[in-house]
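Here are the chains, one letter per residue:
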Number of protein chains: 2
Amino acid sequence: MSKIPYKTYLEEHEMPTSWYNIRSAMKNKPAPLLNPGTLEPMTAAELSGVFCEDLVAQELDNDTEYYPIPKEIQDFYKMYRPSPLVRAYCLEKKLDTPAKIYYKFEGNNTSGSHKLNSAIAQAYYAKKQGLKGVTTETGAGQWGTALSMACAYFDLDCKVYMVKVSYEQKPFRREVMRTYGASVTPSPSMDTEVGKKILAEHPGTTGSLGCAISEAVEKAVTTEGYRYVLGSVLNQVLLHQSIIGLETKAALDKIGEKADIIIGCAGGGSNLGGLIAPFMGEKLKGENDYRIIAVEPASCPSLTRGTYAYDFCDTGMVCPLAKMYTLGSGFIPAPNHAGGLRYHGMSSILSQLYDDGLIEATSYAQTSVFEAAELFARSEGILPAPESSHAIKCAIDEALKCKADGTEKTIVFGLTGTGYFDLVAYEQFHDNKMTDYIPTDEELAESISKLPKTNK
Amino acid sequence: MSKIPYKTYLEEHEMPTSWYNIRSAMKNKPAPLLNPGTLEPMTAAELSGVFCEDLVAQELDNDTEYYPIPKEIQDFYKMYRPSPLVRAYCLEKKLDTPAKIYYKFEGNNTSGSHKLNSAIAQAYYAKKQGLKGVTTETGAGQWGTALSMACAYFDLDCKVYMVKVSYEQKPFRREVMRTYGASVTPSPSMDTEVGKKILAEHPGTTGSLGCAISEAVEKAVTTEGYRYVLGSVLNQVLLHQSIIGLETKAALDKIGEKADIIIGCAGGGSNLGGLIAPFMGEKLKGENDYRIIAVEPASCPSLTRGTYAYDFCDTGMVCPLAKMYTLGSGFIPAPNHAGGLRYHGMSSILSQLYDDGLIEATSYAQTSVFEAAELFARSEGILPAPESSHAIKCAIDEALKCKADGTEKTIVFGLTGTGYFDLVAYEQFHDNKMTDYIPTDEELAESISKLPKTNK
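Small disclaimer: the values here were computed from a predicted structure and weren't measured.

Colleague: Sorry if this is basic, but what is going on with the domain arrangement of chain A here?
Modeller: Size of an interface, as often reported, equals the accessible area lost when the parts are brought together. Residue and element names in this part refer to chain A. In terms of domains, chain A is made up of domain 1 (21-71 + 114-228) and domain 2 (82-111 + 242-448). For domain 1 and domain 2, the distance between their C-alpha centroids amounts to 23 Å. If you look at the interface, domain 1 gives 36 residues, while domain 2 gives 34 residues. Interface of domain 1 and domain 2: buried area, both sides summed, is about 2,900 Å²; carbon and sulfur atoms make up 66% of it. Three residues, Ile22, His114 and Arg173, lead the burial of domain 1 against domain 2; their summed loss comes to 22% of the area buried on that side. A salt bridge links Glu65 to Lys285, with the nearest nitrogen and oxygen atoms 3.1 Å apart. At the boundary of domain 1 and domain 2, one finds eight residue pairs in polar contact (both at pLDDT 80 or more). Looking at the side of domain 1 that touches domain 2, the element that brings in the most residues is helix α10 (residues 209-222), giving five residues. For the side of domain 1 that touches domain 2, the residue count by class is 22 nonpolar, eight polar and six charged.

And the structure:
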């Protein structure tokens, strides 16, 4: 018997050719989006003003099990996928654990994260519909970068509203987007009515993700031939991201390994929802059991300390209402370097699975997360993104439990991206200037008390 | 017949287990290093004060054909290798060329370049010798990053002298090195006699690579248990980097493809020397013929406009003399964003091969290189390093010649690294603020006139 390789790559002909729709296996389906005016479920017609037609169909489809991946998207996937499933031999040795640790590494592409998996799909459907371009918002910049790469490939116009403070503090992300031909506008801007309004009311504001979403949506619905696209939270995004889990499952099968514990960081839920998709399918059907752990920052603990209710997806309240574990759309997470995990809510799919007890959740303060990140970098040679490092921290903790118990579990976690654009955070960590903000019960109660009245 | 895949990865058991020593096949061996005092060839004993013993043996060995790669190094290679050989289908389509274009992508590791291939070897031999640590210099930071990763793996101390202007302008590279536990000192420093002397003479200096080399060498020879290591130019480095070419050759063989043209950027020569090693071996033995092209920046054209002579490797003149194509050790290349290609000389091995007419050379001004880089990024999804983009530019030109001629050549080039830490350069390019400096004939003649008197 040969040893399991450090890295397992699928061959091209072994790559998944369909996405898996986890909703098809869920007994309790995720709650539908509601029209904030009528409080009725959003119809396809209503959603089509904002999103591409095919994506609307995917968003509303709780039944279809597999969606064939269009050939054009498969071709693009072949440029940067399959991503490797890596056996963390060096980390195991450093921890002296009997556990087997694997990670699915999604960072080996220029966007630096898994976001590209959905960006290329959304760009494809926009092109297929004959649109001129798409609009979106970006905070830290991963999603904006991924979308600009996808749009360059399909020769689509790409308008990104970047939170002004990030635009100024992260010029490198901005330049990557410009390299791919995207137009990047600091938000709030004079480009939209909502931007003008906010600037008039708060002349010195450095912007927020909620504001950037509102600008991007307004631009899409008021510009001929444009639609809005979003990088997380939505059902369609989790569908596209199922490529992560399908490849992971295929690679594990190829090397004859079965996961016991599956761990992923969770902000809006795109990574975790994609990683667990086929495994959760088996769990829902009773074919296999897995412990599945969502890891969130202690500064923005939507699953572990939020409430399950209908809420706005954006602060501007222009988007539909979604039922989710939420801290309230007015919750402003304290500064935290895992920008991709600073969302007040959680995808409806994951929220329902969590509410049904099918997923566990835990949270960590960021200093402990960076300690894990550094240990991982020195062992495995990859500098992880702060977001991904939440999953690393949890995987290390589980591996150390195995060591204490003397049990040989197989742990699989999602390494969503690299930290090359997060070195300001690493610098703070090295200089002992990093702080851990954790919201008080009173703060959370205050924010949650302002949920929309929809909830009976 | 199935189509050639986008990416070809070797299986672990197909990975090379020996390095190939190109010198063994050379009829005209590279000229030996000379002791600057006696002008006699440097002996192993003399070199051992500066370099590790095993590396000295490799440096001086012109005969051994294959060096088995120690298992510890093979294990480390498995963490980030094999690197993919990519078929540039999308670039071919964009260029509408009948040529087949392949690139060997060495950027998928945290150091962001091929430098790690030699860093881990040099760290291994230092550890094997029972040393406490190593010293080195770094300019832009790729080499320092690679070495700090390698030292973290073997638990060796790593002292990096970083050119002060880079230390201040590239804090991100510095932080990666700190993440891996290296100590990073801005050079010139008060840490060494040569540093103190330079600071006394030029209080406001922002440093230079030559000065940083001098500090690193002094620190190594004056500190118990330390040796100095270097990331390019030396024969030993080209030996380690042969892993690039061996993998490339194995992957081409696996898919049944033969290269016609092999292209690599050339600064000190580590990438090109490694990429071409097995191909040049076949060419030297008359088994196969290949066109091999070295690409350098027009601002620092050592092959295309330099002279073949003995010269100092550093500006401090503490290192041995090497015979090479050089612009003179006092040549200060004009500002250029391809920091890794700003060396005044070229490895002795490549210099000899070029002098023997076995390699061609060409040069490009940087604006044209960034145009190629952007085209490549938009086509292939990878943001290339400025250094690597020189090879891209040449590959595109050769592919366009194929289009004009209607010939179907197979072009292979080395994509040495990613440009994630070079976005200031991309920003200048996007803002049309990039300039092309090309030295005048007078400048070069002046610099070359100051070569050491050694040369008869």
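Alright, that's what it looks like, and here's the rest.
Colleague: Sorry, what's going on with the pairing of strand β10 (residues 261-265) of chain A here?
Modeller: The side chains of a regular strand alternate, residue by residue, between the two faces of the sheet. All names here are of chain A. Most of β10 is tucked away, with five of its five residues classed as buried. Neither face of β10 is left uncovered, since the one carrying Ile261, Ile263 and Cys265 and the one carrying Ile262 and Gly264 both have all their residues buried. Both β10 and strand β11 (residues 291-297) contribute to a ladder of five bridges, which runs parallel. Counterpart to Ile261 in the pairing with β11 is Arg291. Where β10 meets strand β15 (residues 410-415), three bridges bridge the pair, whose relative direction is parallel. Within β15, the residue paired with Ile261 across the bridge is Ile411.

Colleague: Even after reading the chapter, I still don't get the environment of Thr307(B), so can you show me in this structure?
Modeller: All names here are of chain B. Position of Thr307 among the secondary structure elements: in strand β12 (residues 307-312). Distance from Thr307 to Gly345, taken between C-alpha atoms, is 9.3 Å for residues 38 residues apart in sequence. Those residues within four positions of Thr307 in sequence are excluded, and the remaining contacts are Ser302, Met324, Tyr325, Thr326, Ile448 and Leu451.

Colleague: What am I meant to see in the pattern of salt bridges here?
Modeller: Side-chain pairs of opposite charge can arise where the charged atoms are in close proximity. Tallying each qualifying case throughout the model produces 60 salt bridges over all chains. Note that Glu282(B) is salt-bridged to Lys249(B), the shortest N-O span being 3.2 Å. Taken together, the residues span a long stretch of sequence, with Glu282(B) in helix α12 (residues 270-284) and Lys249(B) in helix α11 (residues 235-254) at a distance of 33 residues. Exposure remark for Glu282(B): the relative accessible area of 13% places this residue in the buried category. You can call Lys249(B) buried: its relative accessible area is 17%. One network of salt bridges, with partners in common, ties together Arg174(A), Glu175(A), Arg178(A), Glu427(B) and Asp431(B).

Colleague: Got a minute to help me understand the confidence of the model for chain A in this structure?
Modeller: Reading fine detail from the predicted coordinates is not recommended where pLDDT is low. For chain A, the mean per-residue pLDDT works out to 94, and 99% of the residues sit at or above 70. Across the interface, the model reports ipTM at 0.93; the global pTM reads 0.95.

Colleague: What is the right way to look at the relation of the copies chain B and chain A in this model?
Modeller: For these two chain copies, the linking operation is a rotation about an axis paired with a shift along it. Superposing chain B onto chain A requires a rotation of 180° together with a translation of 0.0 Å along the rotation axis, leaving an RMSD of 0.0 Å. Given the turn and translation reported, the copies of this chain are related as if by a two-fold rotation axis. Looking at the rotation axis and the C-alpha trace of chain B, the residue lying nearest is Asn108(B), at 3.1 Å.

Colleague: Before we go on, may I ask you to explain the interface of chain B and chain A in this structure?
Modeller: Contacts between chain B and chain A engage 43 residues on the former and 43 residues on the latter. Summing both partners gives a buried area of about 4,000 Å² for chain B against chain A, and 57% of it is carried by carbon and sulfur. Taken together, the connections running from chain B to chain A amount to four salt bridges. Note that Arg174(B) is salt-bridged to Glu427(A), the shortest N-O span being 3.0 Å. Scanning the region where chain B abuts chain A turns up 24 residue pairs in polar contact (both at pLDDT 80 or more). Contributions of two or more residues to the side of chain B that touches chain A are made by α3 (71-80), α6 (142-154), α8 (171-179), α15 (366-380) and α17 (423-430) of chain B. For the side of chain B that touches chain A, the element with the highest residue contribution is α8(B), accounting for six residues. A breakdown of the residues in the side of chain B that touches chain A according to their chemical character gives 21 nonpolar, eight polar and 14 charged.

Colleague: Please clarify how helix α15 (residues 366-380) of chain A should be interpreted in this entry.
Modeller: Residue and element names in this part refer to chain A. Given a rise of 1.5 Å per residue, 15 residues ought to cover 21 Å, and the 20 Å separating the end C-alpha atoms of α15 matches this to within 8%. Counting buried residues along α15, twelve of its 15 residues qualify, which places the element largely inside the surrounding structure. Residues of α15 that are buried: Gln366, Thr367, Ser368, Val369, Phe370, Ala372, Ala373, Glu374, Phe376, Ala377, Ser379 and Glu380.

Colleague: Would you take a moment to explain the side chain of Ser388(B) for this structure?
Modeller: Residues and elements named next belong to chain B. Among the structural elements, Ser388 can be located in helix α16 (residues 386-405). Side-chain polar atoms of Ser388 contact the backbone nitrogen of Gly417, separated by 3.0 Å. The residues touching Ser388, leaving out its near neighbours within four places in the chain, are Cys265, Leu415, Thr416 and Gly417.

Criteria and cut-off values
- Residues numbered from 1 in each chain as written.
- Chains lettered and ligands numbered in written order.
- Predicted model: local features only at pLDDT ≥ 70, side-chain atom pairs only at ≥ 80, totals over all residues.
- Heavy atoms only, no water.
- Domains from an automatic or database assignment.
- Contact = heavy atoms within 4.5 Å.
- Buried area = accessible area lost by both parts, 1.4 Å probe.
- Salt bridge = Lys/Arg side-chain N within 4 Å of Asp/Glu carboxyl O.
- Polar contact = N/O pair within 3.5 Å; in protein donor to acceptor, adjacent residues only side chain to side chain.
- Helix = DSSP H or I, 4+ residues; strand = E, 2+ residues; numbered from the N terminus.
- Nonpolar A, V, L, I, M, F, W, Y, C, P; charged D, E, K, R; others polar.
- Buried < 20%, exposed > 50% of the residue type's maximum accessible area, 1.4 Å probe, protein only.
- Pairing = 2+ DSSP bridges.
- pLDDT = per-residue confidence, 0-100.
- Least-squares fit on C-alpha atoms with pLDDT ≥ 70 in both.
- Expected span 1.5 Å × (residues − 1).

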